[in-house]
Amino acid sequence: MEEKRRLLILYASQTGNALDAAEQIGREVERRGCPVAVKSVDEFDASSLAYEETVIFVVSTTGQGDTPDSMKAFWAYLLQRNLSQHWLEDVNYAVFGLGDSGYQKYNVIASQFVAKKLDKRFSDLGAMAIVERGLGDDQHPSRYEGTLDPWMSSLWRMLYQKNPKKFPRGLDYVSSIANMMDQSKIKVTYWNVDAAEVESLEMQIMRARLMSPGKFSHDKNRPVCFIKMIKNQPLSRAGCGKDVRHFEFESPYIKYEVGDVLEVLPGQSPAAVDAFIERCNLNPESYITVHSAGEENHLLDALKVPVRLKTFVELTMDVSSASPRRYFFEVMSYFASTPHEKERLQYFASSEGRDDLYQYNQKERRTVLEVLKEFPSVQMPFEWLVQLVPPLKTRDFSISSSNLAHPKQVHLTVSIVSWTTPLKRERKGLCSAWLAGLDPQKGVEIPVWFRKGSLSPPPPSLPLILVGPGTGCAPFRGFVEERALQSRSGLTAPMLFFFGCRNEENDFLYREFWLSHTQNGGVLSEEKGGGFFVAFSRDQPEKIYVQHKMREQSTRIWNLLREGAAVYVAGSSNNMPSDVFSAFEEIISKESGVSREAAVRLLRGLEKAGRYNVEAWS
């Protein structure tokens with residue numbers, strides 16, 4: 001009977017936000033007395049969906065409207081043609097989608113895309129929606145929680161109307177946080193271990209991340225390889241207001257294709273890690289194992305190798321850059337021993353205090369360590385810290401080199417992130433600032449993973465139209481390197497590259513590199529049918545962007561498209577991708593004499609055929 005009353009929550013997360021939201025919904029369900037299971041979609045057998053009574057989906061949208069990696073197999077199953085339109089007629093469902101409306105899919109807000117697709121497919125298969133689809137937006141002042149809270153209120157009301165037994169103590173009953181404090185989902189076991197034997201960094205990372213509740217995908221526990229920095233070179237002029245670097249790394253195990261992405265596990269400040277351990281009264285030299293409470297972790301039992309507590313914190317818990325979630329403040333309120341701290345934390349954790357919490361926490365980007373220091377009476381058990389401190393995530397960078405041109409090397413083009421908060425606090429991006437501070441002479445080992453990005457490697461016979469302003473030029477440096485190498489042994493198709501930056505003197509990234517390939521029959525030279533076009537947005541009174549340069553080359557772009565060219569766009573996700581798409585619309589309409597609507601259809605066709613590719617980031 002309880003299995004039938006159980007509510008199943010399935011999440012598909014790329015960066016962790018959907019997981020956080022799913023767990024928040026799960027906690028609220030538990031506090032209302034309803035059994036609940038929270039699972040990643042890749043841990044659930046899609047063929048058993050028809051046996052569930054109630055399923056809540058929390059799904060994120062990645063990149064330019066893409067499905068999270070963990071959802072791809074699940075989604076492929078749902079698209080099977082042999083599934084009947086009555087297959088899920090006994091299933092009630094709800095969908096909450098997360099995304100960032102700053103990412104635009106060519107004039108369509110991408111943050112709604114995956115949730116919309118899932119909602120429609122479940123309806124097509126006969127399932128009954130409990131409430132209207134919810135959509136959380138990272139651009140909202142309170143991020144996704146701004147819409148999640150009212151959406152959950154509607155969900156509880158409709159669930160209770162459909163089946164009052166779901167909430168046996170009534171719609172308005174919610175157990176207090178105190179009743180959940182003995183229910184930490186994490187168990188930490190301390191071991192007496194001889195610390196004389198020092199494990200390799202690879203094994204330390206694997207063991208720590210394997211134990212972490214951060215739910216890293218299995219292939220993210222053990223690094224593909226370790227790389228060492230051999231060059232740390234500024235690309236932008238000092239004092240110009242931005243710091244862009246060219247990094248080069250080497251390892252005998254490097255293997256990738258142009259268009260691939262490098263995932264880097266950043267190092268945290270040793271001082272911040274030490275301060276966190278001291279603030280929480282922990283012994284950094286303790287040896288621990290971590291696993292879910294109430295479950296036997298057979299894999300860890302087999303490994304039987306505990307990890308040093310300080311190493312676990314360094315490699316899995318983001319104490320020095322990530323802001324804690326609202327539930328962190330709620331749990332802190334329970335462990336606060338002074339009335340004024342407890343009252344303030346309870347207010348932050350309430351729906352009434354949500355906006356003030358946003359101003360205090362997210363907008364200032366306060367770190368876990370800073371928050372703990374501002375509430376000194378809070379003494380939170382390590383089990384709860386392990387459960388609630390945001391996991392240390394890898395950072396993604398578009399690779400800016402060709403492995404064929406640079407065997408055993410990988411290059412990155414990185415803008416060092418820094419900003420000032422409303423309260424004038426100076427902040428820096430964890431990974432970019434860490435990389436910028438590395439000395440190539442020190443030989444620091446950097447754990448990395450390689451993965452496919454949104455830009456597939458083009459064959460040498462494919463004409464290319466590349467658009468990459470700012471650090472969006474990164475993948476195309478690799479494209480040009482590789483095609484230059486291919487041109488030495490055979491014919492290659494033409495390339496047009498549109499680059500943009502603020503000033504010619506300040507941030508014309510890789511200037512000599514691009515110009516060298518426009519000369520002496522290079523792959524960007526006019527004699528090879530190529531071209532290199534630069535827009536300097538701030539060197540004249542009127543702003544000029546890449547789309548303006550594209551319109552100037554309207555005829556050449558159209559001729560290459562007619563010859564079967566593929567379009568690759570990379571860079572900031574704000575307005576650039578949609579502005580570039582509009583420029584292509586205008587060019588196609590003008591040169592072919594068709595309507596703008598017909599031009600859009602042609603571009604959609606290119607997209608479906610894999611000839612219009614976008615990689616954008618915020």
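Every value quoted in this text rests on a predicted model; they were computed, and no experiment measured them. (Residues numbered from 1 in each chain as written. Predicted model: local features only at pLDDT ≥ 70, side-chain atom pairs only at ≥ 80, totals over all residues. Heavy atoms only, no water.)

Observations concerning the overall build of the protein
- When helices and strands are counted, the protein shows 21 helices and 24 strands.
- The globule rule puts the C-alpha radius of gyration for 618 residues at 25 Å, and the 26 Å found for the protein is close to it.
- Along the three orthogonal principal directions, the C-alpha set of the protein runs to about 75 × 65 × 50 Å.
- Residues counted as buried form 55% of the 618 residues belonging to the protein.
- For the protein, contacts bridging at least 24 residues in sequence account for 78% of all contacts bridging at least 6.
- Accessible surface for the protein amounts to roughly 27700 Å². Of this, 48% is attributable to carbon and sulfur atoms. (Helix = DSSP H or I, 4+ residues; strand = E, 2+ residues; numbered from the N terminus. Rg over C-alpha atoms; globule rule 2.2 N^0.38 Å. Buried < 20%, exposed > 50% of the residue type's maximum accessible area, 1.4 Å probe, protein only. Contact = heavy atoms within 4.5 Å. Areas by Shrake-Rupley, 256 points an atom, 1.4 Å probe, with all protein chains shown as cover.)

Some details on the packing of helix α19 (residues 554-562) against helix α20 (residues 576-592)
- Running from N to C, α19 and α20 cross one another at 85 degrees; their axes reach a closest spacing of 9 Å. Considered as vectors, α19 and α20 are oriented roughly perpendicular to each other. Across from S554, T555, I557, W558 and L561 in α19, the residues of α20 making contact are F584, I587, I588, K590, E591 and S592.
- Of the residues in the contact of α19 with α20, the class split is six nonpolar, three polar and two charged. (Axes fitted to C-alpha atoms, helices over the stretch in contact; angles between N-to-C directions. Parallel < 35°, antiparallel > 145°, perpendicular 65-115°, else oblique. Nonpolar A, V, L, I, M, F, W, Y, C, P; charged D, E, K, R; others polar.)

Some thoughts on the pattern of salt bridges
- In this structure the tally under the stated criterion is 33 salt bridges.
- Between R31 and E330 there is a salt bridge, with the nearest N and O atoms lying 2.6 Å from each other. Taken together, the positions of R31 in helix α2 (residues 17-31) and E330 in helix α10 (residues 326-335) put the pair 299 residues apart, joining distant regions of the chain.
- On the basis of relative accessible area, R31 is assigned to the buried category, the value being 10%. (Salt bridge = Lys/Arg side-chain N within 4 Å of Asp/Glu carboxyl O.)

Comments concerning empty space enclosed by the protein
- Counting across every chain of the model gives one cavity of 30 Å³ or more.
- Here the largest cavity is characterised by a volume of approximately 50 Å³.
- What lines the largest cavity is simply V258, P458, L464, F479, E482, R483, Q486 and M495.
- Residue contributions to the lining of the largest cavity peak at four residues, all from helix α16 (residues 474-487).
- Classifying every residue of the lining of the largest cavity by side-chain character gives five nonpolar, one polar and two charged. (1 Å grid on protein atoms, 1.4 Å probe; cavity = no way out; pocket = protein on both sides within 12 Å on 5 of 7 lines; lining within 4 Å. Points joined across faces, edges and corners; volume = space filled by probe spheres on them.)

Concerning the nonpolar core
- The biggest cluster of nonpolar side chains holds 53 residues, and the ones touching the most others in it are F276, F312, M317, F328, M380, F382 and L385.
- Top contributing element to this core by residue count: α10, with six residues.
- Apart from residues lying up to four places away in sequence, F312 is in contact with A208, M211, S212, I288, V290, V307, M317, F382 and V386.
- Formed by 29 residues, the second largest nonpolar core is a distinct cluster that contains V480, F497, F513 and F536. (Core = buried A, V, L, I, M, F, W, Y, C linked by side-chain atoms within 4.5 Å.)

What to know about the pairing of strand β2 (residues 36-40)
- In this structure, strand β1 (residues 7-12) lies alongside β2, joined through five bridges in parallel fashion. Bridged to L7 within β2 is V36.
- The β-α-β motif built from β1, the intervening α2 and the parallel element β2 has right-handed crossover chirality. (Pairing = 2+ DSSP bridges. Right-handed = clockwise from strand over helix to strand, strands pointing away.)

Observations concerning the sheet that holds strand β22 (residues 531-536)
- Strand order in the open sheet formed by five strands is β22-β21-β20-β23-β24, with parallel pairing between adjacent strands. Because the sheet does not close on itself, it has two edges, and the strands there are β22 and β24 (612-617). In this sheet, adjacent strand axes meet at a mean angle of 10 degrees when their direction is disregarded.
- Note: strand β23 (residues 566-572) against β24, six bridges, orientation parallel.

Points about the UniProt feature "binding site: NADP(+)" (unreviewed entry) in the protein
- With numbering aligned to this structure, UniProt lists the feature "binding site: NADP(+)" (unreviewed entry) at T471, S537, R538, K543, I544, Y545, V546, Q547 and D579.
- Among the secondary structure elements, S537 is positioned in the loop between β22 and α18 (546-552).
- Overall, the relative accessible area of 7% leaves S537 in the buried class.
- The contact partners of S537, leaving out residues within four places of it in the chain, are C501, R502, E542, K543, I544 and Y545. (UniProt positions renumbered as here; feature names shortened; annotations may be inferred.)

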